[in-house]
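# Summary of the model geometry
Below, each chain spelled out in residue letters.
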Amino acid sequence: MAAYFHSVTLEKDKCMGCTNCIKRCPTEAIRVREGKAKIIDERCIDCGECIRVCHNHAKRALTDPLEIIKAYPYPVALPAPTLYSQFSHKFKVDQIIQGLLNLGFFRVWEVARGAEIATQVLVKYLENHALPKPVISAACPAVLRLIQVRYPELLEHVIPIESPMEISARLAKKELEEEGYPVEQVGVFFISPCAAKVTSVKNPLGVKKSQVDGVIAISDIYGPLLAQLASTASGSIQPRASGAGIGWAVIGGESRLLPFNQTLSVDGIANVVRVLDDIAMGKLKEVDFIEGLACMGGCVGGPLTIENSYLSKTRIQNLSKKYGMSYPEVAPEFACSEFFWTEKIEPCSVLVLDEDLALAMQKLETLDEIHKALPGLDCGSCGAPTCRALAEDIVRGLAVEIDCIFKLREKVTDLAERMVELSSKLPPSIGKPR
Amino acid sequence: MMDDNKQFKPLKLHFTVEQGDFIRAGEASSKIKKVLSQLGFPGPLIRRVAIAAYEAEMNIVIHSWGGELEAEIGPEHVKIVARDRGPGIPDIALAMEEGYSTAPDKVREMGFGAGMGLPNIQNCATEFIIESGEGKGTVLRILIAVKE
């Protein structure tokens, strides 16, 4: 596998080279070069913000097609709870599960149930381990990568527990294996609202290898599933998840299940950045637990969803009420280290200007000088999101000063003035006395 | 104590901090933090410097009539000097007690001035000196060693 895998990719033909995406990227991971956006691999956290803001739909998430399930004799669907919010309330959760079975899945293992198990494992973990406050949820893979890239000093605040998706995948495989199916013939597929989940499957953090075999976008399965729903009757299947697990699809869904006095739920990647900035400065100490989700509204606002996120939020809340908040206790053997991370997440410091401190200091001084000389308009015409980012690119040798159109104009004006001045010079044979 | 980093020209940053400017409060410490990240300092050190600088910055905003924050960054340690024009601290030992605060109610209502500022700095610092006296203003000298 390559050093960096990203789900978010660019379709060059569709990119118009506008600067919408560079401005909204929370890690300044995009530049416009030769009229096309370019994603800097090591900085991208796959939050999907660029997918959302691109008017030309040039950014997309690499996901697997529905046909991938045919590669396994026993394909299992892991629907994110968000999937339930994509369809009208007249379609019940059991119908959606039946619809997935009709599409060719052998089993459906609800990630909402995985979320309930994750909640219990998490409570158990915190009973026995003291983490610095505020404790930060690891549920959103984009936020986890944001911490790794921009706030490595906060990694020790993060609860080292697998995501509901991973827990569900592990248990789905275990169940089928116990029933006698050969586990290598079982394929487990997450039905995802977001791009970051694809990355967390292909290039996982905290675990060596993901238990998930493929990720199918909600937006891709939506049409075929909707077609199934019309002819699927309700009542033949009993969903396993309660309203508590389903509630994880919206912001605050995780926090409200935890035994903390002070929780803070923040949605939208820019807002998450603000909160993480505060924690890094030692603020927010009175907060016990922070749930940060990259998308507005939570996973219901994911870039691979179809439905209006506000409507989805209401539907999830209604489903939570309908299915109630009580859920079965996990068997004692689950509430142990089985779901803890096995791998340490190493900091990924993309900001460092040079490995050599003396050189880094020199570069920083040069960066400041260049930045001061730039107009400070942050117009984005140079292809970098801000003047500061351009100065940084120049210092790193990735750009030049005249990439700034104002600097270029200054140079052209200088040159023009010199040309006028030179044109007024006459040869001594015909010129005036000097 | 606090001798300069040898054979190395330390990087110096300077910021002016206004009294009562809660909108911009934290900007100086945030910039210091970003610079340390760009220079590749280890996370735990960045954390300690960010917290100490932020608390010192907030002290100037809340308790003084304005002042300045300086950071000197070298390979062995980071020094923060917070200098203010202000009423000074009449009893430094009392000010260092956790929970002791002279912050007005208005500031406390905003969630600041809980009396943890100086103890927090102390916890983050390798060496910490307060120079102050009634009517003299206050100077905080904070040294944080890269390797503890």
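Residues numbered from 1 in each chain as written. Chains lettered and ligands numbered in written order. Predicted model: local features only at pLDDT ≥ 70, side-chain atom pairs only at ≥ 80, totals over all residues. Heavy atoms only, no water.

With an unreviewed UniProt entry as reference, chain A is termed 4Fe-4S dicluster domain-containing protein, source organism Thermanaerosceptrum fracticalcis.

Another point: the domain arrangement of chain A. Interfaces are often sized by the amount of accessible area the parts lose when they come together. All names here are of chain A. Here chain A is described as being made up of domain 1 (8–61), domain 2 (73–339) and domain 3 (357–424). In this complex, domain 1 contributes 13 residues to the contact, which on the side of domain 2 involves 16 residues. Taking both sides of the interface into account, the surface hidden between domain 1 and domain 2 amounts to around 1,100 Å²; carbon and sulfur atoms contribute 69%. A per-residue breakdown of the area domain 1 buries against domain 2 is headed by I45, D46 and R52, which together make up 45% of the total. Inspection of the domain 1/domain 2 interface yields 0 salt bridges. No other element matches the 3 residues that helix α2 (residues 49–53) contributes to the side of domain 1 that touches domain 2. Of the residues assigned to the side of domain 1 that touches domain 2, the class counts are 6 nonpolar, 2 polar and 5 charged. (Domains from an automatic or database assignment. Contact = heavy atoms within 4.5 Å. Buried area = accessible area lost by both parts, 1.4 Å probe. Salt bridge = Lys/Arg side-chain N within 4 Å of Asp/Glu carboxyl O. Helix = DSSP H or I, 4+ residues; strand = E, 2+ residues; numbered from the N terminus. Nonpolar A, V, L, I, M, F, W, Y, C, P; charged D, E, K, R; others polar.)

Residues and elements named next belong to chain A. If you walk through the whole model with that rule in mind, you get 28 salt bridges over all chains. In this structure, the salt-bridge partner of R60 is E11, at a minimum N-O distance of 3.1 Å. In this pair, R60 sits in strand β4 (residues 59–61) while E11 sits in the loop between β1 (8–10) and α1 (20–24), placing the two residues 49 residues apart along the sequence. Residue classification places R60 among the partly exposed residues on the basis of a relative accessible area of 37%. Assessed through its relative accessible area of 27%, E11 is described here as partly exposed. A salt bridge links E410 to K407; the shortest N-O distance between them is 3.4 Å. Of this pair, E410 and K407 both sit in helix α14 (residues 405–423), separated by 3 residues, roughly a single helical turn. Classification of E410 as partly exposed rests on a relative accessible area of 46%. Of the residues examined, K407 reaches a relative accessible area of 12% and is grouped as buried. Ionic contacts of the salt-bridge type, sharing partners, join the residues E11, K14 and R60 into one network. (Buried < 20%, exposed > 50% of the residue type's maximum accessible area, 1.4 Å probe, protein only.)

A word on the nonpolar core. Ranked by size, the top nonpolar core spans 61 residues in total, and within it I32, L39, I73 and I142 of chain B carry the most contacts. Here this core gets 12 residues from one element, more than from any other, and that element is helix α2 (residues 43–63) of chain B. Those residues in contact with I32 of chain B that sit more than four places away from it in its chain are L13, F15, V49, A53, L69, A71 and I80 of chain B. Membership of the second largest hydrophobic core comes to 37 residues, among which are A115, A169, V186 and L258 of chain A. (Core = buried A, V, L, I, M, F, W, Y, C linked by side-chain atoms within 4.5 Å.)

What follows concerns the side chain of D354 of chain A. Tracing the backbone through its elements, the reader meets D354 of chain A in the loop between α11 (309–323) and α12 (357–373). The class of D354 of chain A is buried, set by a relative accessible area of 17%. At a separation of 2.9 Å, a polar atom in the side chain of D354 of chain A contacts the main-chain amide nitrogen of D356 of chain A. Within the structure, D354 of chain A has its side chain in polar contact with the side chain of K363 of chain A (distance 2.9 Å). The residues touching D354 of chain A, leaving out its near neighbours within four places in the chain, are L359, A360 and K363 of chain A together with Q38 and L39 of chain B. (Polar contact = N/O pair within 3.5 Å; in protein donor to acceptor, adjacent residues only side chain to side chain.)

Now for α11 of chain A. Residues and elements named next belong to chain A. Here α11 contains 15 residues, and its C-alpha end-to-end distance of 21 Å stays within 8% of the 21 Å for a straight helix at 1.5 Å per residue. Contacts from the buried residues of α11 go to α3 (93–102) and α9 (243–246). Measuring from the side-chain oxygen of the N-cap residue of α11 to the backbone nitrogen of Y310 gives 2.7 Å; that N-cap residue is N308. Just downstream of α11, G324 is the residue with a positive phi angle, here 75 degrees. (Expected span 1.5 Å × (residues − 1).)

Now for the UniProt feature "domain: 4Fe-4S" (unreviewed entry) in chain A. UniProt tags residues 362–421 of chain A as "domain: 4Fe-4S" (unreviewed entry). Here residues 362–421 of chain A is 63% helix and 0% strand, with 38 Å between the C-alpha atoms at its ends. (UniProt positions renumbered as here; feature names shortened; annotations may be inferred.)

With that settled, the discussion passes to the interface of chain B and chain A. Every contact between the two is made by 23 residues of chain B and, on the other side, 25 residues of chain A. For the chain B and chain A pair, buried surface summed over both sides reaches about 2,000 Å², with 64% attributable to carbon and sulfur atoms. Counting the surface chain B buries against chain A, the share from its top three residues, Q38, L39 and R47 of chain B, is 35%. Counting across the chain B and chain A interface gives 6 residue pairs in polar contact (both at pLDDT 80 or more). Those elements that provide at least two residues to the side of chain B that touches chain A are α1 (27–39) and α2 of chain B. Ranked by residue count, the leading element in the side of chain B that touches chain A is α1 of chain B, at 7 residues. For the side of chain B that touches chain A, the residue count by class is 11 nonpolar, 9 polar and 3 charged.

Bringing the sheet that holds strand β3 (residues 77–84) of chain B into the picture now. All names here are of chain B. Ordered in space as β1-β2-β3-β5-β4, the 5 strands form an open sheet in which the pairing is antiparallel. What marks the edges here is a single partner per strand, and that holds for β1 (11–17) and β4 (127–132). For this sheet the average axis-to-axis angle between neighbouring strands, irrespective of direction, equals 10 degrees. Looking at chain direction, β4 and strand β5 (residues 138–145) are connected through 6 bridges and run antiparallel. Within β5, the position partnered with S132 by the bridge is T138. (Pairing = 2+ DSSP bridges. Axes fitted to C-alpha atoms, helices over the stretch in contact; angles between N-to-C directions.)

This part is about unusual backbone geometry. Residue and element names in this part refer to chain A. K133 connects to P134 through a cis peptide bond whose omega is -5 degrees. Along the chain, P134 falls in the loop between α4 (111–128) and β7 (135–136). Even without glycine at this site, D46 takes up a positive phi of about 60 degrees. According to the relative accessible area criterion, D46 is buried, its value standing at 1%. Within the chain, L284 stands out as a residue other than glycine whose phi angle is a positive 60 degrees. The residue L284 is located in the loop between α10 (269–280) and β11 (289–293) in this model.

Residue and element names in this part refer to chain A. One pass over the structure, following the stated rule, counts 7 aromatic pairs over all chains. Grouping aromatic residues by their ring pairs yields a cluster made of Y74, F106 and Y181. The ring of F190 has K197 sitting right over it, with the charged end atom 5.9 Å from the ring centre. (Phe/Tyr/Trp six-rings, centres within 6.5 Å; stacked < 30°, edge-to-face > 60°. Lys NZ or Arg CZ within 6 Å of the ring centre and 35° of its normal.)

All names here are of chain A. At a minimum axis distance of 9 Å, the contact between α3 and helix α8 (residues 218–229) shows a crossing angle of 110 degrees. Taken together, the axis directions place α3 and α8 in an arrangement best described as roughly perpendicular. Note on element contacts: α8 touches α3 through I221, L225, Q228 and L229, opposite Q95, I96, G99, L100 and N102. Taken together, the residues of the contact of α3 with α8 sort by class into 5 nonpolar, 4 polar and no charged. (Parallel < 35°, antiparallel > 145°, perpendicular 65-115°, else oblique.)

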